[in-house]
Amino acid sequence: HTRALARAAMAPLEEASPPSNPNASGGAAEAAAETTVSSLPPEKRRDILAALFPKQAAAALLANADGARPEAPWLVARGVIGKGAMASTCVRRQGTCAVAAVKLEVAPPPANAPREGHCVFGVELPPASTGDVWRRNRHPDCRQLSALLTDVLAPCVHTQALLLREGVASFVLYVDVIVLSDDGAVVDAAALAAALALRDVVLPVAAPVGTRWCAGPGAEGRKGAVAGGRRVFASDVADMPLVSTWIVLPSAARNPCTVCRAPTRFEMDHAPDDATFVTVATARGGALICVRTVSGVEGAGLEDGEAFHAENLAIQKAVECREAHERELRDALSPKASG
């Protein structure tokens, strides 16, 4: 099957490539094929190189990441679940798609915070999204993704607005994220879908607690109240936490490094062993919320100094690109884009 795929992939090259030198060494032939493939359209280049030289393909695709590597825009659809959810959002970029839905329940407030409600995050991934056994650490699992969303988004939820009666009852928000397809940058998609779903949540003015109806604090005349209810999350994109995943690919001399945003699944699986993947969450003005770093593959990690340098480069890029990410998200949320 692999040979058939390789022959089919090489078919376009035979027409455009000059006759190969039969005396050329294996390394030279590989380099010649790589050069020829790089002149093809990106969609053909990826399939061909994936079949022939996966590691070289990832390196070639990432080599010009700071310049010519195009990034697909986010596509956002709101209200994708009609019943059973207070708010829902679907986000998609290239082959990655995630759906988030928010459900509401009434329960006792946390024992350590009797004047607040709370928010619970859960993530489901496709069965094949964790990668092969050697590079599994490059792909976060459901537990890691849920913990990451909790660290990034939970502090931004207005938990005091969820209170119904102190020490007795409060609203609980359940944010369920389902990743329908994973083609890389799955953390970015899951976090964005959850944040946009929370952004659309408007709490009811009151809810039944036992035999009585209780209204939350400030239900009337509260700043930001909409249609008699209360918002629990930032409505302005500038106030939302934004998550971005970066891949740092060291050169042979370790300096300079190539830093590229939103690597695809192919790039994550076949990037060199010394590549570093950094997930950065930033708040308004570029303030850091949390950072998750994965260096190399299991058993072939980088030295501490190299990993630290790569992480700093990714953080610097994320902070510098914060405003550009906000503009990108506003464009995706605009009525024209939604239409």
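Provided above is the structure to which this section pertains.
Nothing here was measured: the structure is a model prediction, and the numbers come from that model.

Colleague: Just checking my understanding: could you explain the overall build of the protein chain for this structure?
Modeller: Helices and strands together make up the secondary structure of the protein chain, namely ten helices and 14 strands. Burial analysis of the protein chain (339 residues in total) assigns 45% to the buried set. Contacts in the protein chain between residues far apart in sequence, at least 24 positions, make up 72% of those at least 6 positions apart. Summing over all exposed atoms, the protein chain offers an accessible surface of approximately 16700 Å²; the carbon and sulfur share of this is 54%.

Colleague: Can you help me understand the sheet that holds strand 12 (residues 257-261) in this one?
Modeller: Consider a sheet: its strands pair through backbone hydrogen bonds, and that pairing is either parallel or antiparallel. With antiparallel pairing, the four strands of this open sheet are ordered in space as 12-11-13-14. The strands lining the two open edges of the sheet, one partner per strand, are strand 12 and strand 14 (288-295). Each neighbouring strand pair of the sheet contributes to a mean axis angle of 20°, computed without reference to strand direction. As defined by bridge partners, strand 13 (residues 276-282) adjoins strand 14 across seven bridges and the pair is classed as antiparallel. Bridge pairing in strand 14 places Ala 281 opposite Cys 290. Sheet strands touched by helix 6 (residues 186-199): strand 11 (242-250) and strand 13. Its angle to strand 11, the strand with the most contacts, is close to 170°. Relative to strand 11, helix 9 (residues 322-333) is tilted by about 125°, and along the sheet it contacts strand 11, strand 12 and strand 13.

Colleague: Teacher, can you tell me more about empty space enclosed by the protein here?
Modeller: Rolled over the atoms, a probe with the dimensions of a water molecule shows which regions are left empty. Taken as a whole, this structure holds three cavities of 30 Å³ or more when the rule is applied. Roughly 160 Å³ of volume is contained in the largest cavity. For the largest cavity, the lining is made up of 14 residues, of which Trp 74, Leu 192, Leu 242, Val 243 and Arg 261 are closest to its centre. Sort the elements by how many residues they give to the lining of the largest cavity and helix 6 lands first, with four residues. Among the residues making up the lining of the largest cavity, the classes are represented as nine nonpolar, two polar and three charged.

Colleague: Can you walk me through the nonpolar core in this structure?
Modeller: Burial of nonpolar side chains together is a common tendency in soluble globular proteins. Residues Val 91, Leu 173, Val 177 and Leu 198 are the most contacted members of the largest nonpolar core, which totals 51 residues. At the level of elements, strand 2 (87-93), strand 3 (96-107), strand 4 (118-124), helix 5 (142-153), strand 6 (169-181), helix 6, strand 11 and helix 9 are the ones that each hand at least two residues to this core. Of all the elements, helix 6 adds the most residues to this core, at twelve residues. With near-sequence residues (within four places) excluded, Val 91 lies in contact with Trp 74, Leu 75, Val 76, Thr 96, Cys 97, Ala 98, Ala 189, Leu 192, Ala 193 and Leu 196. With ten residues, the next largest nonpolar core counts Val 259, Val 278, Ala 310 and Ile 315 among its residues.

Colleague: In this structure, what is going on with the side chain of Ser 170? I would like to understand it.
Modeller: Positionally, Ser 170 belongs in strand 6. What makes Ser 170 buried here is its relative accessible area of 0%. Not counting chain neighbours up to four residues away, the residues in contact with Ser 170 comprise Glu 105, Val 106, Ala 107, Pro 108, Pro 109, Glu 116, Gly 117, Leu 162, Leu 163 and Leu 164.

Colleague: Please clarify how unusual backbone geometry should be interpreted in this entry.
Modeller: For residues besides glycine, phi is generally negative; the peptide bonds are generally trans as well. Its identity as a non-glycine residue notwithstanding, Ala 185 has a phi of 55°, on the positive side. Position of Ala 185 among the secondary structure elements: in the loop between strand 6 and helix 6. Classification of Ala 185 as buried rests on a relative accessible area of 6%. A positive phi angle is found at Ala 262, which is not glycine, with a value near 50°.

Colleague: Looking at this structure, I do not really get helix 5. What am I missing?
Modeller: Helical periodicity: at 3.6 residues per turn, an α-helix aligns residues three or four positions apart in one direction. The end-to-end C-alpha distance of helix 5, which contains twelve residues, comes to 16 Å, matching closely the 16 Å that a straight helix rising 1.5 Å per residue would cover. Those residues of helix 5 that sit buried are Leu 145, Ser 146, Leu 148, Leu 149, Val 152 and Leu 153. Seen along its axis, helix 5 keeps its buried residues to an arc of 160°; they face one direction.

Colleague: Can you walk me through the pattern of salt bridges in this structure?
Modeller: Opposite charge on two side chains lets them pair, provided their charged atoms get close. Tallied over the entire structure, the rule returns ten salt bridges. Between Asp 200 and Arg 78 there is a salt bridge whose closest N-O contact spans 2.8 Å. In this pair, Asp 200 is assigned in the loop between helix 6 and strand 7 (202-203) and Arg 78 in strand 1 (residues 75-78), connecting sequence segments 122 residues apart. Here Arg 78 falls in the partly exposed class, since its relative accessible area comes to 45%. Its salt-bridge partner being Asp 182, residue Arg 265 comes within 3.3 Å of it at the nearest N-O pair. Residue Arg 265 is found in helix 7 (residues 265-270), and its partner Asp 182 is found in the loop between strand 6 and helix 6; the two are separated by 83 residues along the sequence. What makes Asp 182 buried here is its relative accessible area of 14%.

Colleague: Can you walk me through the environment of His 158 in this structure?
Modeller: The topology assignment puts His 158 in the loop between helix 5 and strand 5 (163-165). You can call His 158 partly exposed: its relative accessible area is 36%. Sequence separation of His 158 and Cys 119 is 39 residues, and the distance between their C-alpha atoms is 9.7 Å. With residues up to four places along the chain from it excluded, the contact list for His 158 reads Arg 231, Val 232, Phe 233 and Ala 234.

Reading the values: rules and limits
- Residues numbered from 1 in each chain as written.
- Predicted model: local features only at pLDDT ≥ 70, side-chain atom pairs only at ≥ 80, totals over all residues.
- Heavy atoms only, no water.
- Helix = DSSP H or I, 4+ residues; strand = E, 2+ residues; numbered from the N terminus.
- Buried < 20%, exposed > 50% of the residue type's maximum accessible area, 1.4 Å probe, protein only.
- Contact = heavy atoms within 4.5 Å.
- Areas by Shrake-Rupley, 256 points an atom, 1.4 Å probe, with all protein chains shown as cover.
- Pairing = 2+ DSSP bridges.
- Axes fitted to C-alpha atoms, helices over the stretch in contact; angles between N-to-C directions.
- 1 Å grid on protein atoms, 1.4 Å probe; cavity = no way out; pocket = protein on both sides within 12 Å on 5 of 7 lines; lining within 4 Å.
- Points joined across faces, edges and corners; volume = space filled by probe spheres on them.
- Nonpolar A, V, L, I, M, F, W, Y, C, P; charged D, E, K, R; others polar.
- Core = buried A, V, L, I, M, F, W, Y, C linked by side-chain atoms within 4.5 Å.
- Expected span 1.5 Å × (residues − 1).
- Arc of directions from axis to C-beta.
- Salt bridge = Lys/Arg side-chain N within 4 Å of Asp/Glu carboxyl O.

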